[in-house]
Amino acid sequence: MTQVTEGVYFIQGQDEMIPDSHIYVVGKPDSQDLSIIDAGLMGKGSYKIQSILNMGIELKAIARIIMTHTHLDHIGCLAEIREQIPWAELWVHDTEADLLEKGDERTVYGMEMFQNMCMMQYSLKPGAFTFYVDRRLQGGESLDIGGMTWEVLHIPGHSPGSIGLYNRMEKILIPGDVVYADYAIGRFDLHGANGSELKNSLLQLAKLDVNILLPGHNRIVTELPAGYIAETAKQWAPYLT
Ligand SMILES: [Zn+2]
Ligand SMILES: [Zn+2]
């Protein structure tokens, strides 16, 4: 785990055959009100908990887990992480909260073929990703958590309930899988995905002043060039219809 800036920590995903999402821990260290953003792939929870402990952060300081979205590579080890911090609330966008509470796993797996393969490989039972959601995010909220302010942006397209978290003061964006470094964007062919929604979401993000980009995969960027997201949206626009 590395510190990106005060109150923002980065734990790199450990990809296998399937990618494992990065996670971020946000909140001022002494706030006792920290949030974990995303969880990761099955089996990838314990090293993440260990990384948090290695930074000298006490688990009791973690108040909640906020999901950028509920794809398998982000939610796979949620149960594993929650075993260590059972008091932590789960915050998810309304759309995907509905699916999680109903045990509708189509968005979690994204594709039937992938679902069959994963269920076999990881011995997953139907309904393994049914969770109660403590707070349903809508987009447009301003969250005062951990001594920092994070704005919630509903940015569908990669998945129906994808959210971004934006810290205006420090110009930090956590966009989940909507936009990555190197002009890459999230895939838009999975269940619940939508190319034109993704385009609109990118255009929404392009209006923000972003200096630090902390995506769900690949490298993080600490000095993002001005206009980076607008340029990314422009390059992809012909494919996002
Ligand atoms: Zn995803
Ligand atoms: Zn992902």
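Structure report, in brief. Model, not experiment: these values are computed from the prediction.

## Some words on the pattern of salt bridges
Evaluated as defined, the whole model comprises 13 salt bridges. For Asp134, the salt bridge is made with Arg82, and the minimal N-O distance between the two is 3.8 Å. Taken together, the residues Asp134 in the loop between helix 6 (112-121) and strand 7 (135-137) and Arg82 in helix 3 (residues 78-84) connect sequence positions 52 residues apart. Overall, Asp134 belongs to the partly exposed group, its relative accessible area being 32%. Put simply, Arg136 and Glu101 hold a salt bridge, and the shortest N to O gap is 2.9 Å. Of this pair, Arg136 sits in strand 7 while Glu101 sits in helix 4 (residues 94-102), and the two are 35 residues apart along the sequence. The exposure class assigned to Arg136 is partly exposed, which follows from its relative accessible area of 28%. Overall, Glu101 belongs to the partly exposed group, its relative accessible area being 31%. Bridged by salt links that share partners, the residues Asp94, Asp98, Glu101 and Arg136 form one connected network.

## Details of the coordination of the zinc ion (ligand 1)
Only His69 (NE2), His71 (ND1), His158 (NE2) and Asp177 (OD) from the protein reach the zinc ion (ligand 1) as donors, at distances of 2.1 to 2.4 Å. Relative to the metal, the four donor atoms surrounding the zinc ion (ligand 1) lie at angles of 90 to 169°, and the coordination shape comes out irregular. All donors to the zinc ion (ligand 1) come from one chain, and their sequence spacing reads H-x1-H-x86-H-x18-D. Between the two metals, the zinc ion (ligand 1) and the zinc ion (ligand 2), the spacing is 3.5 Å, and Asp177 donates to both. Within this pair, whereas His69 is found in the loop between strand 5 (62-66) and helix 2 (72-75), its partner His158 is found in the loop between strand 9 (148-154) and strand 10 (163-167), the two being separated by 89 residues in sequence. Here the two residues His69 and His158 agree in accessibility, since each one is buried.

## Some points on unusual backbone geometry
The phi torsion of most residues other than glycine is negative, and most of the peptide bonds are trans. Despite not being glycine, Gln32 has its phi angle at roughly 60°, a positive value. Summarising the element assignment, Gln32 is placed in the loop between strand 3 (23-26) and strand 4 (34-37). The backbone of Asp182 shows a phi angle near 60°, a positive value even though the residue is not glycine. Mapped onto the elements of the fold, Asp182 is located in the loop between strand 11 (172-174) and helix 7 (195-206).

## What to know about the nonpolar core
Ile36, Ile65, Leu90 and Phe129 are the most contacted members of the largest nonpolar core, which totals 38 residues. Sort the elements by how many residues they give to this core and helix 1 (residues 46-54) lands first, with three residues. Residues in contact with Phe129, not counting those within four places in the same chain, are Met42, Leu72, Ile75, Gly76, Leu100, Glu105, Val108, Tyr109 and Leu124.

## Some thoughts on the packing of helix 7 against helix 8 (residues 228-236)
Following both chains from N to C, one finds helix 7 and helix 8 inclined at 160°, their axes separated by 8 Å at the closest point. Between helix 7 and helix 8, the angle is such that the two are roughly antiparallel. For the crossing formed where helix 7 meets helix 8, the hand is left-handed. The segment helix 7 lies against helix 8, with Leu202, Leu203, Leu205 and Ala206 engaging Ile229, Ala230 and Ala233. In terms of residue class, the contact of helix 7 with helix 8 is built from seven nonpolar, no polar and no charged.

Definitions and cut-offs
- Residues numbered from 1 in each chain as written.
- Chains lettered and ligands numbered in written order.
- Predicted model: local features only at pLDDT ≥ 70, side-chain atom pairs only at ≥ 80, totals over all residues.
- Heavy atoms only, no water.
- Salt bridge = Lys/Arg side-chain N within 4 Å of Asp/Glu carboxyl O.
- Helix = DSSP H or I, 4+ residues; strand = E, 2+ residues; numbered from the N terminus.
- Buried < 20%, exposed > 50% of the residue type's maximum accessible area, 1.4 Å probe, protein only.
- Donors = N, O, S within 2.8 Å, 3.2 Å for Na, K, Ca; no water.
- Tetrahedral: all angles 85-135°; square planar, octahedral: opposite > 155°, others 65-115°.
- Core = buried A, V, L, I, M, F, W, Y, C linked by side-chain atoms within 4.5 Å.
- Contact = heavy atoms within 4.5 Å.
- Axes fitted to C-alpha atoms, helices over the stretch in contact; angles between N-to-C directions.
- Parallel < 35°, antiparallel > 145°, perpendicular 65-115°, else oblique.
- Left-handed = near helix turned anticlockwise from the far one by under 90°.
- Nonpolar A, V, L, I, M, F, W, Y, C, P; charged D, E, K, R; others polar.

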